[in-house]
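Take a look at the letters that make up each chain.
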Amino acid sequence: MGNRSLGLFLVGIGTVFLILALTLHIAGLLYGVILGSSILLNVSGAGILMKFIADEKLANL
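J.: How should I be thinking about helix α2 (residues 29-59) in this particular structure?
T.: Since one α-helical turn is 3.6 residues long, residues separated by three or four positions face the same way. Across its 31 residues, α2 extends 45 Å between first and last C-alpha, which sits within 8% of the 45 Å expected from 1.5 Å per residue. Buried within α2 we find I34, S38, L41, G45 and L49. Packed against the buried residues of α2 are α1 (3-23).

J.: Before we go on, may I ask you to explain α1 in this structure?
T.: Between the first and last C-alpha of α1 there are 30 Å, a value that for 21 residues agrees with the 30 Å anticipated at 1.5 Å per step. Burial in α1 covers these residues: G7, L10, G14 and A21. Seen end-on, α1 carries its buried residues on one side only, within an arc spanning 70°. Tucked inside the fold, the buried residues of α1 contact α2.

J.: Would you mind going over the pattern of salt bridges with me for this structure?
T.: For side chains bearing opposite charge, pairing can occur when the charged atoms are close. Per the counting criterion, the structure on display carries 1 salt bridge. One salt bridge in this structure joins K51 and D55, with 3.3 Å as the shortest N-O distance. Taken together, the residues span about one helical turn, with K51 and D55 both in helix α2 at a distance of 4 residues. Judged by its relative accessible area of 31%, D55 falls in the partly exposed class.

Reading the values: the criteria
Residues numbered from 1 in each chain as written. Predicted model: local features only at pLDDT ≥ 70, side-chain atom pairs only at ≥ 80, totals over all residues. Heavy atoms only, no water. Helix = DSSP H or I, 4+ residues; strand = E, 2+ residues; numbered from the N terminus. Expected span 1.5 Å × (residues − 1). Buried < 20%, exposed > 50% of the residue type's maximum accessible area, 1.4 Å probe, protein only. Contact = heavy atoms within 4.5 Å. Arc of directions from axis to C-beta. Salt bridge = Lys/Arg side-chain N within 4 Å of Asp/Glu carboxyl O.

And the structure:
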């Protein structure tokens, strides 16, 4: 799995967790776990995508 695919996959799963956290009426620890994993997945996926973009720019120079 390339960096682009992995980054998009992580951002997609993070977005799904964010939507679940916002639509389900849950409280307490489960809400924190879902929201925390959403933030973690989105940030790591965005970081991987940024690295992919930087590598592509360097390859095209």
